[in-house]
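The chain contents come next:
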Amino acid sequence: MRDFGAGLRFLFNGQRWVARHGRWWGFGLIPALITLVGYLVVLVVLVVHAGDLAAWATPFADHWSEPWRDTVRVAVGAAAVGMGGLLAMVTFTAVTLLIGEPFYESLSAKVEETEGGGPQAPEQPLWRELWTAAKDSLAVLLRAAGFGVLLFLCGFIPVVGQTVVPVIGICVSGFFLTVELTGTPLQKRGLPQKQRLRLLRSRMSMAVGFGAGLVLLFLIPVVTVLAMPGAVAGATLLAREIAPHEEPADEPPSDEPPSGGPGHGPEGEHPPTDGDPDRADRYRTDAYRVDPYRPQAFPRQG
């Protein structure tokens, strides 16, 4: 439970970070607002054309009497709108992160900078970053969809389906939401997606605590947009905790004199003086005599 509480603290610390850095909070809102406007337009179009969509999907009801035909098509249209809204909720974070990749990468880097520095992002074209983000997001969505189908089927179990399954669903959604949000800072640390998943599973309670709290916040539509910058900041703080970045240590200076310095032979070795200064002089003289490419530092003897 300690790690679960730590995950919640990272969530609130991220919101507190953007509250202290208002300009970055506004900067991080841009992708969420773009995604929200796009989804609202799609949902409005879906609502306007729900009747036509229901008529297209139920050609078998064309010859039914009017009350039954209208009832079926209203139900189909309402189901289509409901499924569209549910799909928008499930994919909102992934699409926002994909659209906001450059924005959230800058926001994450700023969090790293203010908290003590972090690794530099690898140099690669923007299209490659977007492709990698889209591929990783699709893999996460497929995993989450697999769990979602299983939990949906478990929802028909009496009592358990109405009590335990929703709690498990929030925890599973929270874990995969944490995987999405920590993708950028962990990828900067050179971790591919499989290693990121393995790392987060090793700190499962922390990942679930962070993501489950965020899922509950995201149930409020407006909060989904307002809390997104803080969620990115909090995920960066969490990534710093589970995968700390260490700067390479500088090599300590050597106490040995450089090779070829005073008292060293032509190969950088100490001359065999055995405490005899005259022997050392002869060694240096002979060394310079036999090396035709080295300037004569001592006159040739006899």
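Fair warning: this is a prediction, and the values are worked out from it, not measured in the lab.

Now, about helix H10 (residues 204-218): what can you tell me, with residues and values included?
The terminal C-alpha atoms of H10, which comprises 15 residues, lie 20 Å apart, in line with the 21 Å expected from a rise of 1.5 Å per residue. Among the 15 residues of H10, eleven are classified as buried, and the element is accordingly described as predominantly covered. Taken together, the buried positions of H10 are Met-206, Ala-207, Val-208, Gly-209, Phe-210, Gly-211, Ala-212, Gly-213, Leu-214, Val-215 and Phe-218.

Kindly report on the environment of Asp-70, identifying the contributing residues and their values.
Mapped onto the elements of the fold, Asp-70 is located in helix H4 (residues 66-99). Between the C-alpha atoms of Asp-70 and Ala-55, which are 15 residues apart in sequence, the distance is 9.4 Å.

Account for the pattern of salt bridges, with residues named and values stated.
Side chains that differ in charge, positive against negative, can pair when their charged atoms come close. Taken as a whole and assessed by the stated rule, the structure comprises five salt bridges. The salt bridge involving Glu-112 is made with Arg-240; its shortest N-O contact spans 2.7 Å. Of this pair, Glu-112 sits in helix H5 (residues 101-114) while Arg-240 sits in helix H12 (residues 228-242), and the two are 128 residues apart along the sequence. Look at Glu-112 and you get buried, because its relative accessible area is 2%.

I'd like a rundown of the packing of helix H2 (residues 22-48) against H5, residues and numbers included.
Two elements in contact, H2 and H5, have axes whose closest approach is 9 Å; the angle formed by their N-to-C orientations is 155°. Between H2 and H5, the interaxial angle falls into the category roughly antiparallel. Note on packing geometry: the crossing formed by H2 with H5 is left-handed. Contacts between H2 and H5 pair Trp-24, Phe-27, Gly-28, Ile-30, Pro-31 and Ala-32 from the former with Phe-103, Tyr-104, Ser-106, Leu-107 and Lys-110 from the latter. A breakdown of the residues in the contact of H2 with H5 according to their chemical character gives eight nonpolar, two polar and one charged.

Please give an account of a positive patch on the surface that cites residues and values.
Together, Arg-143, Lys-194, Arg-198 and Arg-201 line one region of the surface with positive charge. The element best represented in the positive patch is helix H9 (residues 193-202), accounting for three residues. Examined against the element boundaries, Arg-143 turns out to sit in helix H6 (residues 126-154). With a relative accessible area of 34%, Arg-143 lands in the partly exposed category.

Quick rundown of H2? Include the residues and the values.
Between its terminal C-alpha atoms H2 stretches 38 Å, which fits the 39 Å expected from 27 residues at 1.5 Å a residue. Of all bends in H2, the biggest is about 30°, found at Ile-30, and the proline Pro-31 comes one to four residues later. Buried within H2 we find Trp-24, Gly-28, Leu-29, Pro-31, Ala-32, Thr-35 and Tyr-39.

Rules behind the numbers
- Residues numbered from 1 in each chain as written.
- Predicted model: local features only at pLDDT ≥ 70, side-chain atom pairs only at ≥ 80, totals over all residues.
- Heavy atoms only, no water.
- Helix = DSSP H or I, 4+ residues; strand = E, 2+ residues; numbered from the N terminus.
- Expected span 1.5 Å × (residues − 1).
- Buried < 20%, exposed > 50% of the residue type's maximum accessible area, 1.4 Å probe, protein only.
- Salt bridge = Lys/Arg side-chain N within 4 Å of Asp/Glu carboxyl O.
- Axes fitted to C-alpha atoms, helices over the stretch in contact; angles between N-to-C directions.
- Parallel < 35°, antiparallel > 145°, perpendicular 65-115°, else oblique.
- Left-handed = near helix turned anticlockwise from the far one by under 90°.
- Contact = heavy atoms within 4.5 Å.
- Nonpolar A, V, L, I, M, F, W, Y, C, P; charged D, E, K, R; others polar.
- Patch = residues over 30% accessible without salt bridge, like charges linked within 9 Å, V, L, I, M, F, W, Y side chains within 5 Å.
- Areas by Shrake-Rupley, 256 points an atom, 1.4 Å probe, with all protein chains shown as cover.
- Lys, Arg positive; Asp, Glu negative; His and termini not counted.
- Charge placed at Lys NZ, Arg CZ, Asp CG, Glu CD.
- Bend = angle between axes of the 7 residues up to and from the residue.

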